[in-house]
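What follows is each chain in one-letter form.
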Amino acid sequence: MGEAEELTPGRRVQEVQSTENVTVYPRPSSFQWLRRYRWWLQTAIYTLFVLAGQSTGTLLGRLYYDNGGKSNWMATLVQCAGFPVLIPFLFTSNPKKSNAESATKKPSTLILASVYVFLGIFLAADCVMYSIGLQYIPVTTHTLIVATHLGFNALFSYFLNGQKFTPYILNSLVLLTISSSLLVFQKDSGDSNKTSKGKYALGFIFTIAAAACYALILSLTQLAFQKIIKQETLRAILNMSIYQNLVASFIILIALFASGDWKNLNEEMDTFKTGKASYVMNLFFTAVAWQAFTVGSIGLIFKVSSLFAGIISILGLPIAPVLAVIFLHDNMTGLKAIAMVLAMWGFVSYMYQHYLDDLKTKKAKRTQDEISVTERA
């Protein structure tokens, strides 16, 4: 008996007999069905990580300040310092490699270290600028400016990653930008008019810079996977998350001690409104939430593109105000509801484009298989 041909999910196999032409349609197994939808399942999981991590991290960060937290360096550090929770997953990830991955030349340790350090420095700068911006400008204005990273992301993706734009993708970009922009018209009860014009301008500039830096990080991460890492494994995603956050945490920790801000942390813990245990739990779960966000973002860059990771991040911006209504008893307004609807519409538009691309790929593959069978006959 000859060696059986390996079947890929959804592939139609045709066997041509010597006496008569017989087309055989093998019955798809449950395993083949799972492999066929594996991409969609993984993308959904990474999307959930981004949305849940971003929304939870934002709400916990707000609770930190509302309950008496004052250290901007500590608020910045917890955005990166949660990477140790990912280390155990390195030992549970599948170490097996496919033939294609085995044939790919592994980059040297020095090159990989350079990539992690380079991206870690950018991540540290982004977190610092994000925190400074949030300190000096209202939350709604900050949210609007952060949403501009989608435009920066589209620009960087076009030049660095060769991103192609279709009508559905452009429609998604416009809808998600409008969705986030609507939040600026929603008056925030926590806004303060006591900020001087100089500090307001400083916060505006730092937030714009943070948005551009985050977009650049997404595109550079995709470029690193394409040109240097070239591995389609969970371990590669975890390594990227852990090492770049390790570098960023080290830089921010140095700044925390150099600024002398660490001297006030004991007093901050003692005066925290909900108690010391609540203070520690707030910082811990904030760190875990942002690590989930980081893993989800890198996973989406790896599975789809940096632009898609940016779109999912923008999708999460209107979600945070809605969760604030549920857990922090904020008021739900019509603008927040409209922002949510537009965000979902934009997300569906982008996913529909991937659905069309998937159908096109399957059709081309099916045609190629039919031509191959015809030539053999």
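Above this text sits the structure in question.
Residues numbered from 1 in each chain as written. Predicted model: local features only at pLDDT ≥ 70, side-chain atom pairs only at ≥ 80, totals over all residues. Heavy atoms only, no water.

Engineer: I tried to follow the overall build of the chain on my own but got confused; where do I start?
Structural biologist: In terms of regular secondary structure, the chain is built from 16 helices and two strands. For the chain, the residues scored as buried account for 44% of the 377 residues in total. For the chain, the share of sequence-separated contacts (at least 6 apart) that also reach a separation of at least 24 residues comes to 86%. (Helix = DSSP H or I, 4+ residues; strand = E, 2+ residues; numbered from the N terminus. Buried < 20%, exposed > 50% of the residue type's maximum accessible area, 1.4 Å probe, protein only. Contact = heavy atoms within 4.5 Å.)

Engineer: What should I look at first to understand the state of the cysteines in this one?
Structural biologist: Two cysteines form a disulfide when their sulfur atoms are joined by a covalent bond. What the rule picks out here adds up to zero disulfides. Not part of a disulfide, Cys80 finds its nearest cysteine sulfur in Cys127, a span of 3.5 Å. Cys213 takes part in no disulfide bond, and the closest cysteine sulfur, belonging to Cys127, lies 8.8 Å away. The exposure class assigned to Cys213 is buried, which follows from its relative accessible area of 9%. (Disulfide = S-S within 2.5 Å.)

Engineer: I keep staring at helix 2 (residues 38-66) and nothing clicks. Help me out?
Structural biologist: Taking 1.5 Å of rise per residue, 29 residues should cover 42 Å, and helix 2 covers 42 Å from first to last C-alpha, within 8% of that figure. Listing the buried residues of helix 2 in full gives Thr43, Tyr46, Thr47, Val50, Leu51, Gly53, Gln54, Ser55, Gly57, Leu59, Leu60 and Tyr64. Positioned one or two residues after helix 2, Gly68 has a phi angle of 115°, which is positive. (Expected span 1.5 Å × (residues − 1).)

Engineer: I tried to follow the nonpolar core on my own but got confused; where do I start?
Structural biologist: What tends to happen in soluble globular proteins is that the nonpolar side chains get buried as a cluster. One finds Phe225, Met240 and Leu307 to be the most contacted residues of the largest nonpolar core, which totals 46 residues. Setting aside residues no more than four positions away along its own chain, Met240 makes contact with Val115, Tyr116, Leu119, Thr221, Ala224, Phe225, Ile229 and Ile298. The next biggest cluster of nonpolar side chains, apart from the first, holds 21 residues, and it includes Ala248, Ile252, Leu265 and Tyr279. (Core = buried A, V, L, I, M, F, W, Y, C linked by side-chain atoms within 4.5 Å.)

Engineer: Help me understand helix 8 (residues 149-160) in this model?
Structural biologist: A rise of 1.5 Å per residue sets the reference length of helix 8, with its twelve residues, at 16 Å; its end C-alpha atoms lie 15 Å apart and thus fit the reference within 8%. Three or more residues of helix 8 are buried, namely His149, Leu150, Asn153, Ala154 and Ser157. Buried residues in helix 8, looked at end-on, bunch into an arc of 145°, giving them a common side. Remark: Gly162 follows helix 8 within two positions and exhibits a positive phi of approximately 65°. (Arc of directions from axis to C-beta.)

Engineer: So what exactly am I meant to see when it comes to the packing of helix 10 (residues 197-229) against helix 13 (residues 276-303) here?
Structural biologist: Helices that pack against each other are described as a pair by the angle of their axes relative to one another and the distance between those axes. Two elements in contact, helix 10 and helix 13, have axes separated by 9 Å at closest approach and are oriented at 55°. Comparing the axis directions of helix 10 and helix 13 gives the class oblique. Judged by the sense of rotation from one axis to the other, the crossing of helix 10 with helix 13 is right-handed. Together, Tyr214, Leu218, Thr221, Gln222 and Phe225 of helix 10 and Phe293, Ser297, Ile298, Ile301 and Phe302 of helix 13 make up the contact between the two elements. Among the residues making up the contact of helix 10 with helix 13, the classes are represented as seven nonpolar, three polar and no charged. (Axes fitted to C-alpha atoms, helices over the stretch in contact; angles between N-to-C directions. Parallel < 35°, antiparallel > 145°, perpendicular 65-115°, else oblique. Left-handed = near helix turned anticlockwise from the far one by under 90°. Nonpolar A, V, L, I, M, F, W, Y, C, P; charged D, E, K, R; others polar.)

Engineer: I would appreciate a short explanation of the packing of aromatic side chains in the present structure.
Structural biologist: For any two aromatic rings, the description comes down to two numbers: the centre-to-centre distance and the angle of the planes. Inspection of the entire model under this criterion finds ten aromatic pairs. Considering the side-chain rings of Phe257 and Trp262, the 5.6 Å spacing of their centres and the 35° angle between planes classify their relative orientation as tilted. Among the residues examined, Phe257 registers a relative accessible area of 48% and is labelled partly exposed. By the ring-pair criterion, three or more aromatic residues cluster together here, those being Tyr64, Phe272 and Tyr279. (Phe/Tyr/Trp six-rings, centres within 6.5 Å; stacked < 30°, edge-to-face > 60°.)

Engineer: Sorry, what's going on with the environment of Met240 here?
Structural biologist: Turning to its location among the elements, Met240 is positioned in helix 11 (residues 234-258). Taking relative accessible area as the criterion, Met240 reaches 0% and is therefore assigned buried. Sequence spacing of Met240 and Ile229 is eleven residues, and the spatial spacing of their C-alpha atoms is 9.7 Å.

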